[in-house]
Amino acid sequence: MSDIEDYTGGTGRNETREEQLDRNWAELLQELRVLQTGVQILAGFLLTLPFQQRFEKLDDWEVGLYLTNVVIAALTTACILLPVSVHRRLFRKRLKETLVSSADTITKIALGGIALLSAGTAALVFDVAAGRSAGITAGGALLGVMVVMLVFVPLRLNKRATGKILPPASEKE
């Protein structure tokens, strides 16, 4: 199929493959913008904690959890920035399909990072405010909810839409 031929790829859209890849790239960038805001808010919150008087009263577990959350925030930020870096490296090399495919995978990893960061931050706040048991319970419960929302709900919606669970499509929609 040449670049000028219409490509529907089962989407019902009348677009070339290049147009589809451009649309997919734009959609991924928008999703990454949303993720970036969430990570920035949580990371900003975490970065202010050591400057609070009560921070000195944290025990070793709480300091370890805090530092783990900071590392997760930094790594998740790096994942969110990675597609832009890849785009800069692949720019004008006619590798849009590689770019879109890799950005799709990276975005899924970033979603996992945000789930861990949200659960870890909740665990830390509950631990400090209500005790260790409350912190572990809140962090575990939130992580469970995030797994359901980020993994099982999409799988269920896919199953309902298609009548069965399909392997990931080779063409990113």
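Predicted model, so just to flag it, every value in this text is computed and none were measured.

A. Highlighting helix H3 (residues 96-130). The first and last C-alpha atoms of H3 sit 49 Å apart over 35 residues, in line with the 51 Å expected at 1.5 Å per residue. Just past H3, the residue Gly131 takes up positive phi, approximately 110 degrees.

B. Representation of the nonpolar core within the structure. Listed in full, the 12 residues of the largest apolar core are Ala43, Leu46, Leu49, Phe55, Leu58, Leu65, Tyr66, Ile72, Ala73, Leu117, Ala123 and Leu124. Going through the elements one at a time, helix H1 (17-48), helix H2 (60-90) and H3 are the ones with two or more residues in this core. No other element matches the 4 residues that H2 contributes to this core. Contacts of Phe55, omitting those with residues within four sequence positions, involve Leu49, Pro50 and Tyr66. One finds Trp25, Leu28, Leu99 and Ala103 within the second-largest nonpolar core, a separate group that totals 7 residues.

C. Focus on the pattern of salt bridges. Inspection of the entire model under this criterion finds 8 salt bridges. For the salt bridge of Arg132 with Asp59, the shortest nitrogen-to-oxygen distance reads 2.5 Å. Taken together, the residues span a long stretch of sequence, with Arg132 in helix H4 (residues 132-162) and Asp59 in the loop between H1 and H2 at a distance of 73 residues. The class of Asp59 is partly exposed, set by a relative accessible area of 32%. Of the charged contacts, one joins Asp104 and Lys108 as a salt bridge, the two residues approaching to 3.2 Å between their closest N and O atoms. Of this pair, Asp104 and Lys108 both sit in helix H3, 4 residues apart, which is roughly one turn of the helix. Residue classification places Asp104 among the buried residues on the basis of a relative accessible area of 14%.

D. A look at the confidence of the model for the chain. Residue-level pLDDT values for the chain average 87, and 87% of them are 70 or greater. Ranking the elements of the chain by mean pLDDT puts H1 last with 90 and H4 first with 95. Below a pLDDT of 50 lies the segment residues 1-7, which in the model reaches 16 contacts outside its immediate sequence neighbourhood of four places, other chains included.

The rules behind the values
Residues numbered from 1 in each chain as written. Predicted model: local features only at pLDDT ≥ 70, side-chain atom pairs only at ≥ 80, totals over all residues. Heavy atoms only, no water. Helix = DSSP H or I, 4+ residues; strand = E, 2+ residues; numbered from the N terminus. Expected span 1.5 Å × (residues − 1). Core = buried A, V, L, I, M, F, W, Y, C linked by side-chain atoms within 4.5 Å. Buried < 20%, exposed > 50% of the residue type's maximum accessible area, 1.4 Å probe, protein only. Contact = heavy atoms within 4.5 Å. Salt bridge = Lys/Arg side-chain N within 4 Å of Asp/Glu carboxyl O. pLDDT = per-residue confidence, 0-100.

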